[in-house]
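Coordinate inspection notes
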Amino acid sequence: MTRVGKKAPNFSAPAVVGGGDGTLVPDFGLSQYLGRKDVLLFFYPKDFTFVCPTEIIAFQESLSEFEERSTSVVGVSTDTEETHLAWLKTPRKEGGIEGVTYPLVADTAKTISADYGVLGGTYIPSETGTSHSFKGIPIAFRGTFLIDKEGVIRHESVNDLPLGRNIHEYLRLIDAMHHVDEYGEVCPADWAKGESALSPTREGVSKYLASKSGSKK
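Description of the structure in this document. Since the model is a prediction, treat every value here as computed from it, not as a measurement.

A count of helical and extended segments in the protein gives 6 helices and 9 strands. When the backbone C-alpha atoms are referred to their principal axes, the protein occupies close to 70 × 50 × 35 Å. Counting across all 217 residues of the protein, residues that qualify as buried make up 43%. Residue pairs in contact within the protein that sit at least 24 positions apart in sequence constitute 62% of those at least 6 positions apart. Accessible area of the protein: about 11,600 Å², with a carbon and sulfur share of 54%.

Pasting the structure below:
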């Protein structure tokens, strides 16, 4: 079930905020951004793996572009905050993410991943009074959520574990969201900042399609 158009589930969990040797924050939450900034919240499967550091570093390399759009980037995985910190202190030439400065949240209880619908499995209650079992994989898929200043989810996407994300697409979506909110227009396929959008009317779409086809009708 999609979460687009709904309030983003809030959470409070330990996190590591990079810069220098990193800082452990015991109760990091989304509520601190409400009314101030949009948030690009992304989930990744595991620390010390393979596709994950390429994405985390790619977000870092584009961080100034997110900040120019008044958007904070926050990463989440089901690893512990201690593992996040160890990975942050590991040089990139050794597979680490040294130099990453945005928060990485430790969802060790897996409740955040479950609330956002990206946990790769589910707990199955025992019918005999023994321990619960888990079906699937107890880590998060590559879920990405664009959350506006009001705390509403405006975009969501989920990739399977081996499929890395296109970071620049999220910048485009943020630009589109800001354009819609400011001008009341809608953004067509492949729209990019600075291009023409269209009025959400029959006349608006006709005019836009005519301009793209070169027709004067």
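On to the pairing of strand 2 (residues 23-29), then. The side chains of a regular strand alternate between the sheet's two faces. In terms of strand pairing, strand 1 (residues 12-17) meets strand 2 through 5 bridges, oriented antiparallel. Bridge pairing links valine 17 to threonine 23 in strand 2. Joining the antiparallel neighbours strand 1 and strand 2 is a turn of 5 residues, in which glycine 19 adopts a positive phi near 100°.

As a further point, take the sheet that holds strand 8 (residues 142-147). Ordered by their spatial adjacency, 7 strands build an open sheet running 2-1-5-4-3-8-9, and the pairing between neighbours is mixed. The outermost strands of the open sheet, each flanked by one partner alone, are strand 2 and strand 9 (153-159). Across the sheet, the axes of successive neighbouring strands diverge by a mean angle of 25°, strand direction being ignored. Sheet topology places strand 3 (residues 38-43) next to strand 4 (residues 71-77); 6 bridges connect them, and they run parallel. Bridging across to strand 4, aspartate 38 finds its partner in threonine 71.

The subject of this paragraph is the side chain of aspartate 79. Following the sequence through the fold, aspartate 79 ends up in the loop between strand 4 and helix 3 (81-88). For the buried residue aspartate 79, which engages in no salt bridge, the nearest side chain bearing the opposite charge is lysine 46, 7.2 Å off. Within the structure, aspartate 79 has its side chain in polar contact with the backbone nitrogen of aspartate 47 (distance 2.9 Å). Side-chain polar atoms of aspartate 79 contact the side chain of serine 77, separated by 2.6 Å.

Now for helix 6 (residues 202-213). Given 3.6 residues per helical turn, the α-helix brings residues three or four places apart onto the same face. Here helix 6 is 12 residues long and its end C-alpha atoms lie 17 Å apart, about the 16 Å a rise of 1.5 Å per residue gives. Every buried residue of helix 6 is accounted for by Gly204, Tyr208 and Ala210. In a view along the axis of helix 6, the buried residues occupy a sector of 165°, so they form one face of it. Structural note: helix 6 exposes Arg202, Glu203, Leu209 and Ser213 on the side pointing more than 90 degrees away from its buried face.

Formed by 25 residues in total, the largest nonpolar core has its most connected members in Phe59, Phe66 and Tyr102. When residues of this core are traced back to their parent elements, those giving at least two are strand 3, helix 1 (51-61), helix 2 (63-68), helix 3 and helix 5 (167-183). Examining the composition of this core, we find that 6 residues originate from one element, helix 5, more than from any other. Apart from the residues within four sequence positions on either side, tyrosine 102 is in contact with Val16, Gly18, Phe42, Ile56, Phe59, Gln60, Leu63, Val73 and Gly75. Among the nonpolar cores identified, the runner-up in size contains 20 residues, and Leu30, Val74, Ile112 and Val118 belong to it.

Before going further, it helps to spend a moment on the packing of aromatic side chains. Under the criterion given, the structure shown has 12 aromatic pairs. Centre to centre, the rings of tyrosine 123 and phenylalanine 134 are 4.8 Å apart; their planes meet at 80°, and the pair counts as edge-to-face. A residue pair is termed long-range when its members are at least 10 positions apart, and tyrosine 123 in strand 6 (residues 119-124) and phenylalanine 134 in strand 7 (residues 133-140) qualify at 11 residues. Cluster of aromatic residues (ring-pair linked, three or more members): Phe42, Tyr44, Phe48, Phe59, Phe66, Trp87, Tyr102 and Tyr170.

So, on to the pattern of salt bridges. Scanning all chains against the criterion turns up 7 salt bridges. The residue arginine 154 makes a salt bridge to aspartate 148 at a minimum N-O spacing of 3.1 Å. A residue is classified by how much of its surface remains accessible, and arginine 154, at 31% relative accessible area, is partly exposed. Its salt-bridge partner being arginine 172, residue glutamate 169 comes within 2.9 Å of it at the nearest N-O pair. You can see glutamate 169 and its partner arginine 172 sitting in helix 5, 3 residues apart, about one turn around the helix. Taken together, the shared-partner salt bridges in this structure form one network comprising Glu55, Arg142 and Arg165.

Reading the values: rules and limits
Counting from 1, residues in each chain are numbered in the order their sequence is written. Side-chain atom pairs in this predicted model are given and counted only at pLDDT of 80 or more, local residue features only at pLDDT of at least 70, and totals for whole chains, interfaces and linings cover all residues. Hydrogens and waters are ignored; side-chain quantities use all the structure's heavy atoms. By the criteria applied, helices consist of DSSP H or I runs no shorter than four residues and strands consist of E runs no shorter than two, each listed in order from the N terminus. To sort residues, take the accessible area from a 1.4 Å probe on protein chains only and compare it with the maximum for the residue type: under 20% means buried, over 50% means exposed, and anything in between is partly exposed. Contacts are assigned to residue pairs that have any heavy atoms within 4.5 Å of one another. For every accessible area listed, the method is Shrake-Rupley and the probe measures 1.4 Å; residues are considered covered only by the protein chains on display. One bridge is not enough; two strands pair if DSSP finds at least two bridges between them. For helices, the fitted line uses only the C-alpha atoms of the stretch in contact; every axis is such a line through C-alpha atoms, and the angle between N-to-C directions lies from 0 to 180 degrees. The charge count treats Lys and Arg as positive and Asp and Glu as negative. His and the chain ends do not count. By salt bridge we mean one thing: a side-chain nitrogen of Lys or Arg within 4 Å of a carboxyl oxygen of Asp or Glu. Any pair of nitrogen or oxygen atoms within 3.5 Å is treated as a polar contact; in protein, a donor-acceptor pairing is required on top of that, and neighbouring residues in sequence qualify only through side-chain atoms on both sides. Each helix should span, by expectation, one fewer than its residue count multiplied by 1.5 Å. The arc under discussion is defined with respect to the helix axis, by the directions toward the C-beta atoms. Among the buried residues, those of types Ala, Val, Leu, Ile, Met, Phe, Trp, Tyr and Cys that are joined through side-chain atoms within 4.5 Å form a nonpolar core. Each aromatic pair joins two rings of Phe, Tyr and Trp (for Trp, the six-membered one) with centres within 6.5 Å, and gets the label stacked for planes under 30 degrees apart, edge-to-face for over 60, and tilted for any other angle.

The analysis is restricted to geometry; functional conclusions fall outside its scope.
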